[in-house]
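# A closer look at the structure
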Amino acid sequence: MKRRDFCTTGAALAAAGLGLPTLAQAETKWDFATAYPAINFHSKNNQQFVDDVAAATKGALKIQPHFGASLFKMPEIKRAVQTGNAQMGEFFLVSFQNESQIFGADGLPFLAKDYDDAFKLYQAQKPFLEAALDKANQVLLYSVAWPPQNIYSTKPINSAADLKGLKWRVYSPTTARIGELVGATPVTIQEAELAQALATGVIEGLITSSATGADNKLYEHLKYFYEVQAWIPKNAVTVNKKAFSALPKAEQDAVRQAAAAAEKRGWESSREVNTRSIETLKKGGMQVLAPSDQLKADLVKVGEVVTKEWVEKAGADGKALLDAYNKSK
Ligand code: PCA
């Protein structure tokens, strides 16, 4: 990985070398590490953000997005932004719950039942999120929800007992714990490796969004989809603190403005993409089903266990977050 912090243009460098006044505006280049394919709605939203920043700064701030985990794998991205190996990054918050329980709040089962709830939960989580990210040397620019998380499987799942022994793909401490509680076999697989893991039989079931199912054509290997709407987790897009504060004030403002627009646009497209992706799954031959009462009841029970464990670990901050969320509902 080549580190490319605050490059100036060739013209500016040449002028400086000749002792001439630097007439050319300094140009800053950032790398933006992301983990999801370019066709994914988060990626398209990020591309629009990048274009907006380029337009607003008249090309003075050039952000190069790297989609599909081409620069860093998802679990490495937060650290890459922290150390400045990438100036910007997008990562899946709940995957980092072991670093701070705050990152796992939007992965708690049945806490947010729809997008409106999820947005309220985000508002309650935000001050804690910003503080945790600040400690990790980064600034939160925007955060966008994935569609609700639903169960996919090779075989019918009518109760938690049907998950027993299933090779269960996990992406966070909570999904691993759920797998453990139902007696499944948790296997950590990144989104970028999902299709391969299914093709080789490494996994037989998972919980993820309609969007990820459509992006990865999960219907080619999995036939059952249960709309349990277990939680609505988010990606975060962050920037290295030093890189951000090195920008002239006008460029910082341009980044902030484009970020606010990206957040709004992203939440809207998440809803649309959910509807569209469910259609894609159906067309691909997936059985899109409502969960049985038994499955729902079993998942609620498992959810209570993992939520209780989260509350114990999350301490005063976790309690304050949940209080703020419950008050806002
Ligand atoms: N897709 C990503 C994160 C959540 C989602 O819906 C994944 O499965 O890894």
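Scroll up to find the structure this text is about.
First, a word on scope: everything that follows refers to the structure included in this document. (Residues numbered from 1 in each chain as written. Predicted model: local features only at pLDDT ≥ 70, side-chain atom pairs only at ≥ 80, totals over all residues. Heavy atoms only, no water.)

Applying the stated rule across the entire model yields 17 salt bridges. Residue Asp106 is joined to Lys234 by a salt bridge in which the shortest nitrogen-to-oxygen separation is 3.2 Å. Residue Asp106 is found in the loop between β3 (88-92) and α4 (115-135), and its partner Lys234 is found in strand β10 (residues 234-240); the two are separated by 128 residues along the sequence. Taken as a pair, Asp106 and Lys234 share a single burial class, namely buried. With its nearest N and O atoms 2.9 Å apart, the salt bridge here joins Asp323 to Lys319. Here Asp323 and its partner Lys319 are both found in helix α10 (residues 293-328), four residues apart, which amounts to about one turn of the helix. (Salt bridge = Lys/Arg side-chain N within 4 Å of Asp/Glu carboxyl O. Helix = DSSP H or I, 4+ residues; strand = E, 2+ residues; numbered from the N terminus. Buried < 20%, exposed > 50% of the residue type's maximum accessible area, 1.4 Å probe, protein only.)

Before going further, it helps to examine the layout of surface pockets. Roughly 290 Å³ of internal volume is contained in the largest pocket. Taken together, 14 residues make up the lining of the largest pocket; nearest its centre are Ile39, Phe41, Lys44, Val273 and Arg276. Counting residues per element, the lining of the largest pocket draws most heavily on helix α9 (residues 249-283), which supplies six residues. Split by residue class, the lining of the largest pocket holds five nonpolar, five polar and four charged. Considered as a void within the structure, the second largest pocket measures approximately 220 Å³ in volume. Taken together, 14 residues form the lining of the second largest pocket, with Ser100, Phe128, Ala131, Ala132 and Lys135 sitting closest to its centre. Of all the secondary structure elements, the ones that give two or more residues to the lining of the second largest pocket are α3 (74-83), α4 and α10. (1 Å grid on protein atoms, 1.4 Å probe; cavity = no way out; pocket = protein on both sides within 12 Å on 5 of 7 lines; lining within 4 Å. Points joined across faces, edges and corners; volume = space filled by probe spheres on them. Nonpolar A, V, L, I, M, F, W, Y, C, P; charged D, E, K, R; others polar.)

Turning next to the sheet that holds β10. Taken in spatial order, the five strands line up as β2-β1-β3-β10-β4 in an open sheet, and their pairing is mixed. Unpaired on one side and paired on the other, β2 (61-66) and β4 (138-145) mark the two borders of the sheet. Recorded for the sheet is a direction-independent mean angle of 20 degrees between the axes of neighbouring strands. Two elements, β3 and β10, share five bridges in a ladder whose sense is antiparallel. (Pairing = 2+ DSSP bridges. Axes fitted to C-alpha atoms, helices over the stretch in contact; angles between N-to-C directions.)

Now for α3. Taken together, the buried positions of α3 are Met74, Ile77, Lys78, Ala80 and Val81. With its buried residues spanning 165 degrees around the axis, α3 presents them on a single face. Against the buried residues of α3 lie β1 (28-33), β3, α4, β4 and β10. (Arc of directions from axis to C-beta. Contact = heavy atoms within 4.5 Å.)

Our focus in this paragraph is the nonpolar core. Trp30, Phe49, Ile63, Met88, Leu141 and Tyr142 are the most contacted members of the largest nonpolar core, which totals 83 residues. Not counting the four nearest positions on each side in its chain, Phe49 is found in contact with Phe32, Ile63, Met88, Leu141, Tyr142, Val255, Ala258, Ala259, Ala262 and Arg265. Tyr152, Leu194, Ile203 and Leu218 belong to the second largest nonpolar core, which has 14 residues in total. (Core = buried A, V, L, I, M, F, W, Y, C linked by side-chain atoms within 4.5 Å.)

Purely geometric numbers; function is a separate question.
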